[in-house]
Amino acid sequence: MQAEYTLLNRRTIIDIFIGDEKLGKHVLSNGNTLDISMPYLSGPQICTLAQELGCPLEYAWNGGGMSRWQYFKTVLEYCIDHQKCVLLLTRLFQRGQFTKILEECTIDEVDNVYELCVNRVLKIINDELRLGGNALQFVNGRCELHPIHEDVPVYVPLIKTISYEEIANLSEQAMKCIERGDFQSALTKSRTILEDTFAYVIRQKGEEPGNKGDIKNLYMQVKDLYGMHADKDMDRRINVLLSGLEKIVDGIRDMRNEYGDAHGKGLPKLKVERHHARLCVNSATAMAEFILSVYMKATKRNV
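On a predicted model such as this, the values are computed, not experimentally measured, just so you know.

A word on the packing of aromatic side chains
- For the structure on display, the rule yields seven aromatic pairs.
- Geometrically, the ring pair formed by Phe93 and Phe138 is tilted, given 5.8 Å between the ring centres and 35° between the ring planes. Taken as a pair, Phe93 in helix α4 (residues 85-93) and Phe138 in strand β3 (residues 134-139) lie far apart in primary sequence, 45 residues in all.
- A residue is classified by how much of its surface remains accessible, and Phe138, at 5% relative accessible area, is buried.

Considering α4
- Counted residue by residue, α4 has seven buried out of nine residues, so it is predominantly covered.
- On its buried face, α4 is in contact with α1 (11-17), α2 (43-52), α3 (68-81), α6 (110-129), β3 and β4 (142-147).

Re the pattern of salt bridges
- Here the structure, examined in full by the defined rule, presents 19 salt bridges.
- Close ionic contact of Arg68 with Asp20 constitutes a salt bridge, the shortest N to O distance being 2.9 Å. Placement of the pair is Arg68 in helix α3 and Asp20 in the loop between α1 and β1 (25-27), with a sequence separation of 48 residues.
- The partly exposed category is assigned to Asp20, whose relative accessible area is 34%.
- Between Asp254 and Arg253 there is a salt bridge whose closest N-O contact spans 3.3 Å.
- Owing to a relative accessible area of 30%, Asp254 belongs among the partly exposed residues under this scheme.

Focus on unusual backbone geometry
- The phi dihedral of Gln83 is positive, around 55°, even though this residue is not glycine.
- In this structure, Gln83 sits in the loop between α3 and α4.

Describing α2
- Among all positions of α2, only Gly43, Pro44, Ile46, Cys47, Leu49 and Ala50 are buried.
- On the buried face of α2, the contacting elements are α3 and α4.
- Downstream of α2 by a residue or two, Gly54 has a phi angle that is positive, lying close to 95°.

Some details on the side chain of Asn134
- Here Asn134 lies in strand β3.
- A distance of 3.4 Å separates the side chain of Asn134 from the side chain of Glu4, its partner in a polar contact.

Points about the packing of helix α9 (residues 215-226) against helix α11 (residues 274-299)
- Between α9 and α11, the shortest axis-to-axis distance is 11 Å and the interhelical angle comes to 25°. As judged from the angle between their axes, α9 and α11 are roughly parallel. In the crossing of α9 with α11, the sense of the turn from one axis to the other is left-handed. Contact with α9, carried on its side by Tyr219, Val222 and Tyr226, involves Met287, Ile291, Val294, Tyr295 and Ala298 of α11 and no other residues of that element.
- For the contact of α9 with α11, the class distribution of residues is eight nonpolar, no polar and no charged.

Topic: the environment of Ile252
- Looking at the secondary structure, you find Ile252 in helix α10 (residues 236-259).
- Using a relative accessible area of 3% as the deciding quantity, one classes Ile252 as buried.
- In this structure, the C-alpha to C-alpha distance between Ile252 and Ser190, residues 62 residues apart in sequence, is 7.3 Å.
- Residues within four places of Ile252 in sequence aside, it is in contact with Ser190, Arg191, Leu194, Ile215, Cys280 and Ala284.

Concerning the environment of Val222
- Counting through the fold element by element, Val222 comes out in helix α9.
- Remark: the alpha-carbon pair of Val222 and Lys205, spanning 17 residues in sequence, is separated by 9.5 Å.
- Excluding residues that lie within four positions of it along the chain, Val222 makes contacts with Phe198, Val201, Ile202, Met228 and Ile291.

A short note on the nonpolar core
- If you look at the biggest cluster of nonpolar residues, it comprises 50 residues, and the most contacted ones within it are Phe17, Phe72, Leu92, Phe93 and Leu136.
- Elements supplying a minimum of two residues to this core: α1, α2, α3, α4, α5 (99-102), α6, β3 and β4.
- In terms of residues, this core owes the most to one element, α6, which gives nine residues.
- Those residues in contact with Leu92 that lie beyond four places of it in its chain are Phe17, Met38, Leu41, Leu49, Phe72, Gln97 and Phe98.
- Formed by 40 residues, the second largest nonpolar core is a distinct cluster that contains Ile193, Tyr219, Met228 and Cys280.

Describing the packing of α3 against α4
- One can describe the packing of α3 onto α4 by two numbers: an axis separation of 8 Å at closest approach and a directional angle of 135°. As summarised for this structure, α3 and α4 are arranged oblique, according to the angle between their axes. Contact residues: Phe72, Val75, Leu76, Cys79 and Ile80 in α3; Cys85, Leu88 and Leu92 in α4.
- Broken down by class, the residue content of the contact of α3 with α4 amounts to eight nonpolar, no polar and no charged.

Conventions we followed
- Position numbers for residues count from 1 along each chain, tracking the sequence in the order it is written.
- Predicted model: local features are reported for residues with pLDDT of at least 70 only, side-chain atom pairs are reported and counted for 80 or more only, and whole-chain, interface and lining totals are derived from all residues.
- Only heavy atoms go into the side-chain values, all of them from the structure, while hydrogens and water stay out.
- Only rings of Phe, Tyr and Trp enter the pairing, Trp through its six-membered ring, and a pair is recorded when the two centres are within 6.5 Å. The plane angle decides the type: under 30 degrees is stacked, over 60 is edge-to-face, the rest tilted.
- Labels follow the DSSP assignment, with helices taken as runs of H or I lasting at least four residues and strands as runs of E lasting at least two, numbered in each case from the N terminus.
- Three labels apply to residues, based on accessible area from a 1.4 Å probe with only protein chains included: buried if under 20% of the type maximum, exposed if over 50%, partly exposed otherwise in between.
- Note on contacts: a residue pair is in contact if any heavy atoms of the two residues lie within 4.5 Å.
- Any carboxyl oxygen of Asp or Glu within 4 Å of a side-chain nitrogen of Lys or Arg constitutes a salt bridge here.
- Distance and chemistry together define a polar contact, namely a pair of N or O atoms within 3.5 Å, with one atom able to donate a hydrogen and the other to accept it when in protein, and with adjacent residues in sequence counting only for side-chain atoms on both sides.
- Each axis is a line fitted through C-alpha atoms, taken for helices only over the stretch in contact, and angles between the N-to-C directions span 0 to 180 degrees.
- For this classification, under 35 degrees means roughly parallel, over 145 means roughly antiparallel, 65 to 115 means roughly perpendicular, and everything else is oblique.
- A clockwise turn of the near helix away from the far one marks a right-handed crossing, whereas an anticlockwise turn of less than a right angle marks a left-handed crossing.
- As a working rule, the residues Ala, Val, Leu, Ile, Met, Phe, Trp, Tyr, Cys and Pro are called nonpolar, Asp, Glu, Lys and Arg charged, and the rest polar, with Gly in that last group.
- In this text, buried Ala, Val, Leu, Ile, Met, Phe, Trp, Tyr and Cys residues form a nonpolar core when linked through side-chain atoms within 4.5 Å.

This is how it looks when you write it as structure tokens:
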């Protein structure tokens, strides 16, 4: 079946994979218009992805290198030769890769907009693949080619779950952004770590996350559902730590909003340096792990 993946090795499809093709527009609840596409992949990002898959592709920082689509073509050909196409495609379609596209969405919009982007991309690509008798399908978190006659849906959304491994994965992605000097993406991923964790433990209580798309509101909902308010009978030092959690949420929310110009109009633009970004990611990671452990204790299970 790996030979069939050569069908993807054409410029029109590669341009979709690297985010160059806009496949429509969607109006968000805040009135802003979002382009439906795959996430934009820069040359360095493509090379980083290649190296993670074992392809020794280096970016030409001093100029004279290939175009972005040629870098991606090199990665795709490597994956075809080494039977890693499913790994490559699955990585491309993971929700974590769509962070920048989804950053303006409220908590209620994120899943729908993500599914909209994935479905639109798959439809456009499959229109090109149809004559070859194959279709690209994203099912149970795995993206691969199937013969059209197989009774498999093109896309089946996963129920979003959070584990220590998932938190560590998001944290690692954020740290890679810092290594590239992309501090804004690191702050966005820090917020995503908290937002996804809060939403997950809220849903495990049979409720839906609040519709304001504000991580502070989500945290307050978590506190109420899991009884995390300060207790006069608890050790003072524990109460001090718990009160600090709220400040972490406020800090991450405000840093992301002000650095990204989402809010804070009239305020000086926040200057974030590498060590600030690392603090933000590490704080979000530590808090998310704590919230998950609270959920585990409440439900007496391992995650």
